[in-house]
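Spelled out, the chains give:
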Amino acid sequence: MPPTTPPQDRLRLAIQKSGRLSTDSLGLLARCGIKVKAPKEKLLLHSENFPIDILFVRDDDIPQLVMDGVCDLGIVGTNVLEESALERRSAGNGHAYTVERELDFGGCRLALALPEERAYNGPQDLQGLRIATTYPQLTRRYFAAQGLQADIVYLSGSVEVAPRLGLADAICDLVATGSTLEANRLRAVETIFKSTAVLIRGDRPLNPVKTHALEILLRRTDGVQLAAEAKYIMLHAPKAALAEIKKLLPGSENPTLLPLAGDDSKVALHAVCQEAVFWETMESLKKAGASSILVLPIEKMML
Ligand code: PRT
Ligand code: ZN
């Protein structure tokens, strides 16, 4: 079915075509109830049930597409976003954008890492080093803030092999689990930037129709993100232990209490917990006297 909303009234959102943010970006849209069905080989897809078009591009192009007004919105890591904004600022180009929402995926940190055997006692040990990185702007900013000098070598990928090849003394690269550093006998010594995926919009005003669509998209994004961590918990609690049990429920304010048929000493307790419920919490609840404890996922939430 072709989209019925005219192009000027459809939001345009840039997301990564293929890479670490692609699946989660599409997953977020799906959980927001936005259907994007056609194959991803296409550059631009129209949603069939929401006034939005999705542009699939390299993540590095997303800040520029949004800041230049080619797309209204983008989903990108703050590492790429901040690097691009600094670069555009130094080139005298517009670099305005708004972070509409921080998203719960794409988390990583940009860290300076040295060969394992190299001693490190603090940032002063980085003075004068040759640093390989894909993020020269963020790296330069860190060194300037520390009052240190560095020789920065730009590499677009495989930064972790640079010290071994004699191209650099150290690297400044993204770290998630740390296993890439370990495999290359490097160790992170300073975190210079913490990154997460964000939903951004440019600074050009949207017409009323698009503004309304964006409001709905943001409300649904909030609902999806709230629900992701939240859990619905049900248990049986002895009335005498209620106060203690309520205290153990993470992020839950007003549980619902229901009578239990045939047992006057207990109640059924239902609550939405805003935080993750771990096995440890369940074990503590059991110890406090709770029984028949069920923890259920929540699909959507609107407060
Ligand atoms: O083709 P395109 O340009 O779109 O993709 P890309 O290859 O530039 O980016 P991609 O898909 O690798 O990453 C996209 C975004 O995901 C990044 O800009 C970050 O915002 C985010 N992200 C989250 C990461 C990582 N975690 C991550 N671990 N990006 C890269 N890495 C790499 C890192 O560079 C290093 O090589 O993974 C390795 C380290 O991982 P660990 O787990 O071994 O520490
Ligand atoms: Zn990239």
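Owing to the predicted nature of the structure, the values given are computational and were not obtained by experimental measurement. (Residues numbered from 1 in each chain as written. Chains lettered and ligands numbered in written order. Predicted model: local features only at pLDDT ≥ 70, side-chain atom pairs only at ≥ 80, totals over all residues. Heavy atoms only, no water.)

**Student:** Please clarify how the pattern of salt bridges should be interpreted in this entry.
**Tutor:** Where charged atoms from two side chains of opposite charge approach closely, those side chains can pair. Enumeration according to the criterion identifies ten salt bridges in this entry. Across the pair Asp222 and Arg101 runs a salt bridge, and its minimum N-O distance is 2.6 Å. Note that Asp222 is positioned in helix H6 (residues 208–229) and Arg101 in strand S5 (residues 98–102), a separation of 121 residues in sequence. (Salt bridge = Lys/Arg side-chain N within 4 Å of Asp/Glu carboxyl O. Helix = DSSP H or I, 4+ residues; strand = E, 2+ residues; numbered from the N terminus.)

**Student:** Explanation requested: the domain arrangement of the protein in the structure shown.
**Tutor:** Interfaces are often sized by the accessible area lost when the parts come together. As far as domains go, the protein holds domain 1 (7–106 + 197–227), domain 2 (108–194) and domain 3 (230–297). Counting residues at the interface gives nine residues for domain 1 and ten residues for domain 2. A buried area of about 810 Å², summed over both sides, lies between domain 1 and domain 2, and 57% of it is on carbon and sulfur atoms. On the domain 1 side of the contact with domain 2, Asn79, Glu83 and Leu86 bury the most area, a combined 61% of that side's loss. Where domain 1 packs against domain 2, one counts one salt bridge. Linking Glu82 and Arg141 is a salt bridge whose minimum nitrogen-to-oxygen distance equals 2.7 Å. Joining domain 1 to domain 2, the criterion identifies five residue pairs in polar contact (both at pLDDT 80 or more). Taken together, the residues of the side of domain 1 that touches domain 2 break down into two nonpolar, four polar and three charged. (Domains from an automatic or database assignment. Contact = heavy atoms within 4.5 Å. Buried area = accessible area lost by both parts, 1.4 Å probe. Polar contact = N/O pair within 3.5 Å; in protein donor to acceptor, adjacent residues only side chain to side chain. Nonpolar A, V, L, I, M, F, W, Y, C, P; charged D, E, K, R; others polar.)

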